[in-house]
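Next come the chains, spelled out residue by residue.
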Amino acid sequence: MSHPDPASSLAERAARDYRTVALVLQGGGALGAYQAGVFEALDEAGLQPTRLAGISIGALNAAIIAGNAPGQRVERLREFWEAICRPPLWPATPPLPWFDAVAWPTAWLSGMSGMAAWRAMTEGQAGFFHPRQPPPLLGGHATPGSVSWYDTAPLRATLERLVDFDRLNDARTVRVAVGAVNVRSGNFAYFDNRRERLRPEHFMASGALPPGFPAVEVDGEFYWDGGMVSNTPLYEVLSERPGCDTLAFQVDLWSARGALPRDLADVAERSKEIQYSSRTRLVTEFMRRTQEHRRLLHDVMALVPPERRHDPVYRHAEARAAEALTNVIHLIYQNRPHEGHFKDYEFSVASMRCHWQSGLDDMRHTLAHPHWLAAPDAGQPFVTHDVHRSEAG
């Protein structure tokens, strides 16, 4: 007797129950390899997103995914991460097959990680960025696009090599939105392939975190990293009108919860976590309440007699009502004991592969609970599954 393929069953269920399958990717520099691992597990299950939203490194991952055919996406993500995790000058110490982070002293691992971060700061990363020569303090008058410690021109070449922008801009296949902040006005902006043609500079702008990286010019305006204003694009995905039934995989790289700091290094790390977690759970709770109110309004409006539905008040309410159902699967990268405040710019190959494997394991664990992917019902139109919180109790 044959048994159904679990992967195809999950994909079929998602296609049946949801109009949109969204992948929402937070910013977090080198930690973004975790998101690549999450996507590999989704790909194994046949769950290809129809909507991508990203900030910073999440935007770059989104570009690689959307800009390649489904069968090539994991391969291209791996090529991207292997490329940007190579030091440009002296070779990195190769990750040995017997290397096991659990088996080595935390202090030793922390020292190796710190050395890799120091190399990123002093040498840059191949295919990503390199230090400006001369340094900006000695460069005299500069343009808004060159006031930074590093030059990100190598990133443009990497994106142009690995991303098919014609495919990426086909919004009928995958809709893509990435966030950045306008340097002049301070306003947050989303670049969306349904409204404009996205180019390498849109994705580079989303990850242009000052003062390390320069502002990026897009259509006459300069933009910085969207994480300066909001590092989690869930609101953009769920607030769009009209709403539709959505399964959203939200992949965060910074945890809002953490231990009290005991030294200045801990303070630096914890402050980053609080700043860039972007109040994810607060946004999720706000969207849950909003969705419930829209659904309640929709149900109440069904009680209005047909002859009264031409009333302007009814029309006004109709524009705000929605019957959409939403399921948010929330994953958060879990820190390792040896990681410090530099974990977002520690691009060693060993750490990258470790982050990737963590994302792969977490998403496989999530998909082993297929009931988490079930569509909500009208009585509870917005549900969330916070994987790590559930495990912690």
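Procedures and definitions
Residues numbered from 1 in each chain as written. Predicted model: local features only at pLDDT ≥ 70, side-chain atom pairs only at ≥ 80, totals over all residues. Heavy atoms only, no water. Helix = DSSP H or I, 4+ residues; strand = E, 2+ residues; numbered from the N terminus. Rg over C-alpha atoms; globule rule 2.2 N^0.38 Å. Buried < 20%, exposed > 50% of the residue type's maximum accessible area, 1.4 Å probe, protein only. Contact = heavy atoms within 4.5 Å. Areas by Shrake-Rupley, 256 points an atom, 1.4 Å probe, with all protein chains shown as cover. Lys, Arg positive; Asp, Glu negative; His and termini not counted. Charge placed at Lys NZ, Arg CZ, Asp CG, Glu CD. Axes fitted to C-alpha atoms, helices over the stretch in contact; angles between N-to-C directions. Parallel < 35°, antiparallel > 145°, perpendicular 65-115°, else oblique. Left-handed = near helix turned anticlockwise from the far one by under 90°. Nonpolar A, V, L, I, M, F, W, Y, C, P; charged D, E, K, R; others polar. Core = buried A, V, L, I, M, F, W, Y, C linked by side-chain atoms within 4.5 Å. Disulfide = S-S within 2.5 Å. 1 Å grid on protein atoms, 1.4 Å probe; cavity = no way out; pocket = protein on both sides within 12 Å on 5 of 7 lines; lining within 4 Å. Points joined across faces, edges and corners; volume = space filled by probe spheres on them. Polar contact = N/O pair within 3.5 Å; in protein donor to acceptor, adjacent residues only side chain to side chain. UniProt positions renumbered as here; feature names shortened; annotations may be inferred. Expected span 1.5 Å × (residues − 1). Arc of directions from axis to C-beta. Phe/Tyr/Trp six-rings, centres within 6.5 Å; stacked < 30°, edge-to-face > 60°.

Per an unreviewed UniProt entry, the chain carries the name PNPLA domain-containing protein and comes from Rhodanobacter thiooxydans.

Engineer: What is the right way to look at the overall build of the chain in this model?
Structural biologist: Each helix and strand in the chain was counted, giving 14 helices and 11 strands. Here the C-alpha atoms of the chain give a radius of gyration of 22 Å, agreeing with the 21 Å that 2.2 N^0.38 yields for 393 residues. Its C-alpha atoms put the chain at 75 × 60 × 45 Å along the principal axes. Buried residues in the chain amount to 49% of all 393 residues. Counted over contacts in the chain with a minimum sequence separation of 6, partners at least 24 positions apart contribute 76%. Element-wise, carbon and sulfur atoms account for 57% of the exposed surface of the chain, whose accessible area totals about 18,900 Å². Each charge class in the chain can be summarised by its mean position, and for the 40 positive and 46 negative side chains these summaries are 3 Å apart.

Engineer: Can you help me understand the packing of helix α4 (residues 73-84) against helix α13 (residues 349-367) in this one?
Structural biologist: Orientation of α4 relative to α13, taken along the N-to-C sense of each, is 150°, at an axis distance of 10 Å. Here α4 is positioned roughly antiparallel relative to α13, judged by the angle of their axes. Note that α4 runs across α13; the crossing there is right-handed. The segment α4 lies against α13, with V74, L77, R78, W81 and E82 engaging V349, M352, R353 and W356. Taken together, the residues that form the contact of α4 with α13 break down as 6 nonpolar, no polar and 3 charged.

Engineer: Honestly, the nonpolar core in this entry has me stumped. Any pointers?
Structural biologist: Ranked by internal contacts, the top residues of the largest apolar core, which has 75 residues, are L23, L47, W81, L159, F203, F249 and L373. It is helix α3 (residues 57-66) that contributes the most residues to this core, 8 residues altogether. In contact with W81, not counting residues within four places along its chain, are G29, A30, G32, A33, A36, I57, N61, F347, M352 and W356.

Engineer: Help me understand the state of the cysteines in this model?
Structural biologist: What we call a disulfide is simply a covalent bond connecting the sulfur atoms of a pair of cysteines. Summed over all chains, the structure comprises 0 disulfides. Of all cysteine sulfurs in the structure, the one in C85 sits closest to C354, which takes part in no disulfide; the separation is 12 Å. The class for C354 is partly exposed, based on a relative accessible area of 22%.

Engineer: I keep staring at empty space enclosed by the protein and nothing clicks. Help me out?
Structural biologist: Enumeration according to the criterion identifies 2 cavities of 30 Å³ or more in this entry. In this model, the largest cavity occupies a volume close to 50 Å³. Taken together, L60, F128, T152, L155, F203, M204, G207, A208 and F213 make up the full set of residues lining the largest cavity. Of the residues assigned to the lining of the largest cavity, the class counts are 7 nonpolar, 2 polar and no charged.

Engineer: Looking at this structure, I do not really get the environment of R197. What am I missing?
Structural biologist: Residue placement: R197 occurs in the loop between β6 (188-192) and α8 (200-206). Remark: the alpha-carbon pair of R197 and F165, spanning 32 residues in sequence, is separated by 8.7 Å. Setting aside anything within four residues of it in sequence, one finds R197 in contact with F165, D166, N169 and H202. Engagement of the side chain of R197 in a polar contact is seen with the side chain of D166, the distance being 2.7 Å.

Engineer: What exactly am I supposed to notice about the side chain of R295 here?
Structural biologist: Checked against the element boundaries, R295 lands in helix α11 (residues 280-301). Judged by relative accessible area, R295 falls into the buried class, the value being 13%. Filtering out sequence-adjacent residues up to four positions away, R295 remains in contact with A322, E323, L325, A378 and P381.

Engineer: Even after reading the chapter, I still don't get the UniProt feature "active site" (unreviewed entry) in the chain, so can you show me in this structure?
Structural biologist: UniProt records the feature "active site" (unreviewed entry) for S56 and D225 in the present numbering. Spanning 170 residues, the annotated positions come together in the fold, the maximum distance between their C-alpha atoms being 6.0 Å. The annotated residues named above include S56 and D225 as those lining the second largest pocket. Of note, S56 is situated in the loop between β2 (51-55) and α3. Taking relative accessible area as the criterion, S56 reaches 11% and is therefore assigned buried. If near-sequence neighbours (up to four positions away) are discounted, S56 is found in contact with G27, S206, G207 and D225.

Engineer: Which parts of the structure should I look at to understand helix α10 (residues 264-277)?
Structural biologist: Under the 1.5 Å per step criterion, the end-to-end length of α10 is 20 Å for 14 residues, consistent within 8% with the ideal 20 Å. Looking at α10, one finds that the buried residues are E269, R270, K272, E273, Y276 and S277. Mapping the buried residues of α10 onto a view down its axis gives an arc of 155°, with all of them on the same face. For α10, exposure combined with an orientation more than 90 degrees from the buried face picks out L264 and I274.

Engineer: I keep staring at the packing of aromatic side chains and nothing clicks. Help me out?
Structural biologist: Given two aromatic rings, one states the distance between the centres and the angle between the planes to describe the pair. All chains considered together, the criterion is met by 14 aromatic pairs. Pairing F129 with Y150 gives two aromatic rings, centres 5.1 Å apart and planes at 70°, and the pair type is edge-to-face. Linking F129 in the loop between α5 (106-123) and β3 (130-131) with Y150 in strand β4 (residues 150-151), this pair joins segments that are 21 residues apart in sequence. Classification of F129 as buried rests on a relative accessible area of 6%. A relative accessible area of 12% places Y150 in the buried class. Ring centres of F129 and F347 lie 6.4 Å apart, and the angle between their planes is 65°; on these two criteria the pair is classed as edge-to-face. One end of the pair, F129, is in the loop between α5 and β3; the other, F347, is in the loop between β10 (326-332) and α13, with 218 residues separating them in the sequence. The same class applies to F129 and to F347, which are both buried. Taken together, the aromatic side chains of F128, F129, Y150, F213 and F347 make up a single cluster linked through ring pairs.

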